[in-house]
Amino acid sequence: MEMTEKAVVFAVTGEADLWIADLDNGTVKRLGAPTGELAQVADLRKNGGTFVKKVDFAIAVSSAAAVFSGHVDG
């Protein structure tokens, strides 16, 4: 994967996988098994923990169409 200056690693409640959104390239890819410090932080999720750093807005929605029409699921 090409290096990027702006990326976000995230996970969705109920899903085991971690994802990386490359904001410079406009792509989202599933990560393999995390290693190092990322693995330690990801393990917090197993006990219901949440880790947020340098992200000030995030919300999971039912579809992209809902977002583009201005809706946020309740």
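Preceding this section is the structure that the text describes.
The structure reproduced in this document is the subject of the present report. (Residues numbered from 1 in each chain as written. Predicted model: local features only at pLDDT ≥ 70, side-chain atom pairs only at ≥ 80, totals over all residues. Heavy atoms only, no water.)

### A closer look at the environment of Gln40
Working step 1: Structurally, Gln40 can be placed in helix α1 (residues 36-43).
Working step 2: Between the C-alpha atom of Gln40 and that of Lys53, which follows or precedes it by 13 residues, the distance is 15 Å. (Helix = DSSP H or I, 4+ residues; strand = E, 2+ residues; numbered from the N terminus.)

### Considering unusual backbone geometry
Working step 1: Positive phi, normally seen in glycine, also occurs at Lys54, with a value near 60°.
Working step 2: If you trace the backbone, Lys54 turns up in the loop between α1 and α2 (64-68).

### Description of the sheet that holds strand β2 (residues 19-22)
Working step 1: Taken in spatial order, the three strands line up as β1-β2-β3 in an open sheet, and their pairing is antiparallel. A single partner strand is all that each edge strand has here, and the edge strands are β1 (7-10) and β3 (27-30). For this sheet, the mean inter-axis angle between neighbouring strands, taken without regard to orientation, is 20°.
Working step 2: Where β1 meets β2, four bridges bridge the pair, whose relative direction is antiparallel. Of the residues in β2, the one forming a bridge with Phe10 is Trp19. (Pairing = 2+ DSSP bridges. Axes fitted to C-alpha atoms, helices over the stretch in contact; angles between N-to-C directions.)

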